[in-house]
Amino acid sequence: MPELDPIIHQPARLRLMAALEALKPDESVEFAFLRDLLDLTDGNLGAHLRRLEEAGYLRMEKTFVERKPRTYVAMTSRGRKAFQSHVQALRAILARPS
Amino acid sequence: MERHEALESLKIIDEAMAQTRRAIAHGGSGYFFIIWGIVWLVGFLANELLAPHTAGYVWLALDAFGLVGSVIVGIRLGRRVRSPEGRRSGLRAAALWALLIAYGALLYWAASPPLERLSLFVTLFVGFGYAIAGLWISTPLLLTGLAISALAAVVWTAFPSALPYALSLLGGGGMIGVGVYMLRAWK
């Protein structure tokens, strides 16, 4: 039976992972876009991203566009599996007889 | 974890995924509406308030502003999400507008409408372009195209002399309003 993932369970990281899950497998999204989408500060989003990166759930790529640094974020296949397993665990709780 | 907490988490997930898809698909469309709304607002007012020769130059400047502004916004929006498909879609959208402009010029040459119907012809063709592009890109663009075409046809039939004011204030102003709404609602 799938189990809840304590790393993903935190509300901001849950929304972050859900946003990344909405992307196609070959897509990555810009840091500023995620920050605005999720209504988080730079520092807050950065901390959550680092936590998820340490877990191997996402990868970050730093690049330069017109001499300005930009960071792109994408979910890894490990992160996708972990997220889907977390969702299954949530559904299993709902399916549990009360 | 309790059932209501699991339900709440699943709701948060569904909302975040829907919001992300909406923001990627439509989130920046509002900028295009605002840019072209300004073009319509100023351009059609210039038609009425300035000499035809001067208004022609105003339209040239406004069209350049609209095209350059759209390209800049398109490039910036394209940078938010990196994907091989996104680049292809951007090029396809640019090709669509280039084709529409080319066919608009050809139809104008072939139909040769009288000068007093020039605004109506251009407006209906632009409305057609918005509607066709909207079928691919976004429902608000489709509805805007249909609304602009209906507005132009109705005003031309009932009050032909009011057409430039209607296109400026209702058409241009409406597009700016829709654009601001889209930016706030679909960030």
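It should be emphasised that the depicted structure is a prediction, and the values quoted were computed from it without experimental measurement.

Scoring rules and cut-offs
- Residues numbered from 1 in each chain as written.
- Chains lettered and ligands numbered in written order.
- Predicted model: local features only at pLDDT ≥ 70, side-chain atom pairs only at ≥ 80, totals over all residues.
- Heavy atoms only, no water.
- Contact = heavy atoms within 4.5 Å.
- Buried area = accessible area lost by both parts, 1.4 Å probe.
- Salt bridge = Lys/Arg side-chain N within 4 Å of Asp/Glu carboxyl O.
- Pairing = 2+ DSSP bridges.
- Helix = DSSP H or I, 4+ residues; strand = E, 2+ residues; numbered from the N terminus.
- Buried < 20%, exposed > 50% of the residue type's maximum accessible area, 1.4 Å probe, protein only.
- Phe/Tyr/Trp six-rings, centres within 6.5 Å; stacked < 30°, edge-to-face > 60°.
- Lys NZ or Arg CZ within 6 Å of the ring centre and 35° of its normal.
- Lys, Arg positive; Asp, Glu negative; His and termini not counted.
- pLDDT = per-residue confidence, 0-100.
- Patch = residues over 30% accessible without salt bridge, like charges linked within 9 Å, V, L, I, M, F, W, Y side chains within 5 Å.
- Areas by Shrake-Rupley, 256 points an atom, 1.4 Å probe, with all protein chains shown as cover.

Draft legend 1. Inspection of the interface of chain B and chain A at higher detail. The partner chain A presents 34 residues to the 24 residues of chain B that form the contact. Counting each side, the surface lost to burial between chain B and chain A is near 2700 Å², with a carbon and sulfur contribution of 63%. For the chain B face of the interface with chain A, the top three residues by lost area are R3(B), R79(B) and R82(B), together amounting to 27%. Across the chain B-chain A interface, the total number found is one salt bridge.

Draft legend 2. Main features of the sheet that holds strand β1 (residues 28–30) of chain A. An order of β2(A)-β3(A)-β1(A)-β1(B) is seen for the four strands of this open sheet, with the pairing classed as antiparallel. Every interior strand has two partners, whereas the edge strands, β2 (58–65) of chain A together with β1 (81–82) of chain B, have only one. Across eight bridges, β2(A) lies against strand β3 (residues 68–75) of chain A in antiparallel orientation. Within the sheet, the bridge partner assigned to R59(A) lies in β3(A) and is A74(A).

Draft legend 3. The arrangement of the pattern of salt bridges in detail. All names here are of chain A. This structure, assessed with the given rule, holds five salt bridges over all chains. The salt bridge partner of R80 is E21, with a shortest N-O separation of 3.4 Å. Residue R80 is found in helix α5 (residues 77–95), and its partner E21 is found in helix α2 (residues 11–21); the two are separated by 59 residues along the sequence. Take E21: its relative accessible area is 14%, and that puts it in the buried class. Of the charged contacts, one joins R35 and D36 as a salt bridge, the two residues approaching to 3.2 Å between their closest N and O atoms. Taking the relative accessible area as the measure of exposure, D36 reaches 41% and is therefore partly exposed. Connected via shared salt-bridge partners are R35, D36 and D42.

Draft legend 4. Molecular detail of the packing of aromatic side chains. Under the counting rule described, the total for this entry stands at four aromatic pairs over all chains. Between the aromatic rings of F44(B) and W59(B), the centroid separation amounts to 5.0 Å while the plane-to-plane angle is 80 degrees, which identifies the pairing as edge-to-face. Residue F44(B) is found in helix α2 (residues 29–49), and its partner W59(B) is found in helix α3 (residues 52–78); the two are separated by 15 residues along the sequence. You'll find F44(B) and W59(B) in the same group, each marked buried. On the basis of an interplanar angle of 55 degrees and a centroid distance of 5.7 Å, the ring pair of Y108(B) and F121(B) is categorised as tilted. Taken together, the residues span a long stretch of sequence, with Y108(B) in helix α4 (residues 84–111) and F121(B) in helix α5 (residues 118–136) at a distance of 13 residues. By relative accessible area, Y108(B) is classed as partly exposed at 33%. Joined through ring pairs, the aromatic side chains of W40(B), F44(B) and W59(B) make up one cluster. The cationic tip of R82(B) hangs over the ring face of Y72(A); the distance from NZ or CZ to the ring centre is 4.2 Å.

Draft legend 5. Focus on the side chain of R13(A). All names here are of chain A. Secondary-structure assignment places R13 in helix α2. Among buried Asp, Glu, Lys and Arg side chains, R13 stands out as unpaired, with D5 the closest opposite charge at 7.6 Å. Look past the residues within four positions of R13 in its chain and what remains in contact with it is P6, I7, I8, H48, R51 and L52.

Draft legend 6. Fine view of the environment of V73(A). All names here are of chain A. In this structure, V73 sits in strand β3. Relative accessible area serves as the criterion here: at 0%, V73 is assigned to the buried category. With 49 residues separating them in the primary sequence, V73 and K24 have C-alpha atoms 12 Å apart. Residue contacts for V73: discarding those within four places in its chain leaves L20, S28, V29, L34, L49, L58, R59 and M60.

Draft legend 7. Quick look at unusual backbone geometry. Here D39(A), not a glycine, exhibits a phi torsion of approximately 60 degrees, which is positive. Secondary-structure assignment places D39(A) in the loop between α3 (31–38) and α4 (42–54). Positive phi is not limited to glycine here, since S112(B) has a value of about 40 degrees. Tracing the chain through its elements places S112(B) in the loop between α4 and α5.

Draft legend 8. Fine view of the confidence of the model for chain A. A residue-level look at chain A finds 99% of positions with pLDDT of 70 or above and a mean pLDDT of 92. When mean pLDDT is compared element by element in chain A, α4(A) scores highest at 96, while β2(A) scores lowest at 89.

Draft legend 9. Broad picture of a nonpolar patch on the surface. Residues and elements named next belong to chain B. A cluster of nonpolar side chains, L49, L50, Y165, L169 and L170, forms an exposed patch at the surface whose accessible area comes to about 500 Å². Mapped onto the fold, Y165 is located in helix α7 (residues 163–185). A residue is classified by how much of its surface remains accessible, and Y165, at 35% relative accessible area, is partly exposed.

Draft legend 10. Broad picture of the pairing of β3(A). All names here are of chain A. Counting buried residues in β3 gives six out of eight residues, a clear majority hidden from the surface. Strand direction decides the pairing type here: β1 and β3, joined by two bridges, are antiparallel. The partner of E30 across the bridge, within β3, is Y72.

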